[in-house]
Structure formats: C-alpha cells, structure tokens
Amino acid sequence: MKSAIRQKLEQIAFRLEEVDAFLSSEDAARDMRAFRRLSLERAEIEPAARLYARYRQIEADLRQAEVMRSDPELRALAEEEIAAAKAGLPELELELQKRLLPRDPDDRRDILLEIRAGTGGDESALFAGELFRMYSRYAERQGWRVEILSANAPELGGYREIICRVTGADVYARLKFESGAHRVQRVPETETQGRIHTSACTVAVMPEANEMEAVELNPAELRVDTFRAAGAGGQHINKTDSAVRVTHLPTGIVAECQDGRSQHQNKVSAMKVLAARIRDAETRARQAREAATRKTLVGSGDRSERIRTYNFPQGRVTDHRVNLTLHKIAAIMEGDLDEIINALAAEHQMEQLVRYQESVIHDPGSEWSRSCQPRGH
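Residues numbered from 1 in each chain as written. Predicted model: local features only at pLDDT ≥ 70, side-chain atom pairs only at ≥ 80, totals over all residues. Heavy atoms only, no water.

Asks: Would you explain the overall build of the chain in this entry?
Replies: Across its full length, the chain holds 9 helices and 11 strands. Burial status across the chain gives 43% buried among its 377 residues. Expressed as a percentage of contacts within the chain between residues at least 6 apart in sequence, the contacts between residues at least 24 apart total 62%. Of the roughly 20,500 Å² that the chain leaves accessible, carbon and sulfur atoms contribute 49%. (Helix = DSSP H or I, 4+ residues; strand = E, 2+ residues; numbered from the N terminus. Buried < 20%, exposed > 50% of the residue type's maximum accessible area, 1.4 Å probe, protein only. Contact = heavy atoms within 4.5 Å. Areas by Shrake-Rupley, 256 points an atom, 1.4 Å probe, with all protein chains shown as cover.)

Asks: Even after reading the chapter, I still don't get the environment of Ala83, so can you show me in this structure?
Replies: Within the fold, Ala83 resides in helix α3 (residues 75-99). On the accessibility criterion, Ala83 (46% relative accessible area) is partly exposed. Expressed as a C-alpha distance, the spacing of Ala83 and Leu62, which sit 21 residues apart in the sequence, is 9.0 Å.

Asks: Honestly, helix α2 (residues 32-68) in this entry has me stumped. Any pointers?
Replies: Because each turn of an α-helix spans 3.6 residues, side chains separated by three or four positions end up pointing in the same direction. Over its 37 residues, α2 extends 51 Å from the first C-alpha to the last, a length consistent with the 54 Å expected when each residue adds 1.5 Å. Considering bend angle alone, the principal kink of α2 is centred on Ile45 and spans about 40°; proline Pro47 follows within four residues of it. (Expected span 1.5 Å × (residues − 1). Bend = angle between axes of the 7 residues up to and from the residue.)

Asks: Would you take a moment to explain the pairing of strand β10 (residues 316-319) for this structure?
Replies: If a strand is regular, its side chains alternate between the two faces of the sheet. What you see with β10 is no split at all: Arg316 and Thr318 on one side and Val317 and Asp319 on the other are buried throughout. Examined bridge by bridge, strand β9 (residues 306-311) and β10 share 4 bridges and lie antiparallel to one another. Residue pairing across strands places Asn311 opposite Arg316, the latter belonging to β10. Counting the residues between successive antiparallel strands, the hairpin from β9 to β10 contains 4 residues, one of them, Gly315, with a positive phi of roughly 65°. In terms of strand pairing, β10 meets strand β11 (residues 324-326) through 3 bridges, oriented antiparallel. Bridging from a neighbouring strand, Thr318 pairs with Thr325 of β11. The turn linking β10 back onto β11 is made up of 4 residues, and Asn323 within it adopts a positive phi angle of 50°. (Pairing = 2+ DSSP bridges.)

Asks: Just to check I follow, could you spell out the nonpolar core for this structure?
Replies: Burial of nonpolar side chains together is a common tendency in soluble globular proteins. In terms of nonpolar packing, the biggest core is built from 37 residues, with Leu113, Ile115, Leu131, Tyr135, Leu175 and Tyr310 touching the most fellow members. Looking at this core, the elements that each hand over two or more residues are β1 (111-117), α4 (121-142), β3 (161-167), α5 (171-175), β5 (197-207), β11, α7 (329-333) and α8 (338-362). No other element matches α4, which puts 8 residues into this core. Excluding its chain neighbours within four sequence positions, the residues that come into contact with Tyr310 are Phe127, Leu131, Met134, His182, Arg183, Val184, Gln185, Arg316, Val317, Ile329 and Met333. Counting residues in each nonpolar core, the second largest holds 20 residues, with Ala13, Tyr52, Tyr55 and Leu100 among its members. (Core = buried A, V, L, I, M, F, W, Y, C linked by side-chain atoms within 4.5 Å.)

Asks: Teacher, can you tell me more about the side chain of Glu44 here?
Replies: On the secondary structure map, Glu44 appears in helix α2. A residue is classified by how much of its surface remains accessible, and Glu44, at 17% relative accessible area, is buried. Among the polar contacts made by the side chain of Glu44, one reaches the side chain of Arg108 at a distance of 2.5 Å. (Polar contact = N/O pair within 3.5 Å; in protein donor to acceptor, adjacent residues only side chain to side chain.)

Asks: Explain empty space enclosed by the protein here, please?
Replies: The gaps left among the atoms become clear once a water-sized probe is rolled over them. Using the criterion set out here, one finds 1 cavity of 30 Å³ or more in the structure. Its boundaries defined by the atoms lining it, the largest cavity holds a volume of some 40 Å³. Surrounding the largest cavity, Leu113, Phe132, Tyr135, Ser136, Ala139, Val146, Cys164, Val166 and Leu175 form its lining. Mapped by element, the contributors of at least two residues to the lining of the largest cavity are α4 and β3. At 4 residues, the largest contribution of residues to the lining of the largest cavity is made by α4. Across the lining of the largest cavity, the residue classes break down as 8 nonpolar, 1 polar and no charged. (1 Å grid on protein atoms, 1.4 Å probe; cavity = no way out; pocket = protein on both sides within 12 Å on 5 of 7 lines; lining within 4 Å. Points joined across faces, edges and corners; volume = space filled by probe spheres on them. Nonpolar A, V, L, I, M, F, W, Y, C, P; charged D, E, K, R; others polar.)

Here it is in structure tokens:
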C-alpha cells in the first residue's frame, strides 16, 4: 500500500477514536448539535476505519506466518496462510481506495426530473410518457415519492414536457447519470407500412438545492407572466389565469408551472424549477470546462448527448456510455433500472479511482487528493 494512502487511513482510524471518545463522554449530551454532527461523521468514517483495521490484522497475520515458516513442522500451515493473505490483500486495498474517493455533495439530494419530447412529433411525446412511467415505477421500487410540478400533454397522449420532483434517500446518487438524449426505435401505431421510426427525448436530472444554497433570484431580473392553465386538447382546467411562467432575463432560462391549484402555488413551483435550472446550467458549464482537460467515462450529461437507445423490435436497451446491452426492454420500461444504473455508477467509480491513484503517485498534496473523504454505505 502506498504511504500516502496509508497515512490517510491512519488519520481516519485516529479520528474515529476521537469521535467515539466524545460521543461516549458525559459532555456529549450537553451539545446536541455537536452530537448530531459527530454522529453523522462517525457513520461516514466508521466503515473505512473498520476495513482498515481488518487490513492491518491481515498484515499482522502475514508477518506471523512468515515467522512460522522457519519451523519445519509449521511450514505447510504457514505457506497456506501466507498464500491466503497475499491473495486477499490486493482486493481489500482496492476497496479501501474506493472508500477514500470524494463523495458527490449532491448525492443525497432530492431532484427535479424533466423529460422533454424531441424529434419524432407525437411518437416522441408518447415515448416521453413511457419514460416518465419508467422512472415512476423505479421510484416506487426505491420507496421514493414523485410529485408532478408541470405537464404539457398533447391529445394523442404522452407529454411534450413534464417536470416532477422526486424525493427520498439518495435520489440524485441513483439517477444523476440519466441526463441526456434517450432514443427510441420502433414501429409507431400510426405507421401503416410497418417501418421503424426513430424518435428521441431529452432527460434532465437536477439536484434540488436546500434553502441555504438556493440560487438567489433578483426580482428585477425576472419577468412573471400568467395565463390560463390548459389540459389536453386545449380544455381549460380553470377559468382564471392560474398558470405561471417565469423568465430569468440575464440567462433567458424559463420555467412554467400550471398543475397547482392556485397562481401562488404555481409561482412557488416555477421559481423552484427556475432556480434548479440556473444552478444546473452553472454546473454543466463548470463540467464543460473540466471536460476540456478530462472527459468522464460516463459522459458529460449534456442534453444533446445520446446516452441510450431503446429498440423495441429487438427487445433491447443499449447504454452507449458503457457499451451495455440488455435484452429485457419490457422489464426496463417497468422500472427495472438497477442493472443499468449500477453499471454506470461502477464505471464512474473506476474513473475516479484512476484519477485518485494518479494524484497519489504524482502529487500527494494535490487538491483532488486532499478532497478525498471516506465513503460510508
């Protein structure tokens, strides 16, 4: 194990002892804010510390077995123990390095999920509806809650655009790689000659900022328009101007909501969507600058980037970023997304690991190396 990695793990082990000492002291109950903060910290560092303790124990067993090997009567047993220890240490070291990878600060956040029909007309809108259903089914499996903020539904069904809020445990961590262009290949119901058509939708997954980190919106830079909320076919949901459209003048970013029961409720939702879109635009601009020097293996999350194809005639779904093809499109459209999401997360983790190992070798004091924190599960 490299000395820089061992040093970080020693610091984590020492920090766990410090935290445990405070939490078990009489002073812990006197400052509940500190108690909660340190309890969360302990939950983060304890898995890495315990894993490192196991690693050190195997190292100690290995040293002891090396000594036993000099005894003719114990040599065979010692050889077995040495072989087992040497076989297990590399895998354990790799797992420890994964624990040191920097956690995405947005991973535990709720999200705003936006699905928008693209090329393909009515077929694209129908596919947008199926994507929304797919993510809703996946949310049900995870125990998450889905709240529709705004929906634009054409007469033939599906959505031209739908925005929803998804809340629950680790929502962004599981769905953050879904941003991009989703392409569908199939024979539309309206196709009389049986030809396969290609349509596309764009998906945006935006972490929801908390109140402390929310984008500050200057009222002087906003234009607020109200209009009548309408359903499919132009049928008015009500006869008042309850729908709200908010435009951020400096950037031209627009958000509108019409599914709330009142103008006030729609304005609150529209402002939340607008803030998330502005924050998302800033994040993507920063990622684009970073990608100029290094492109992540799972893609940039650019809306124009084709990330996945759903081929109904062949019954397959292909994620182009990790070259993964699954022949179970029916199950995937019912929300069985874990295999795809796990593959994307694993690829991202391996790319992070390569960067971390390079930073330790070439510059142990680099910003990347310093940012690495233990990962809990």
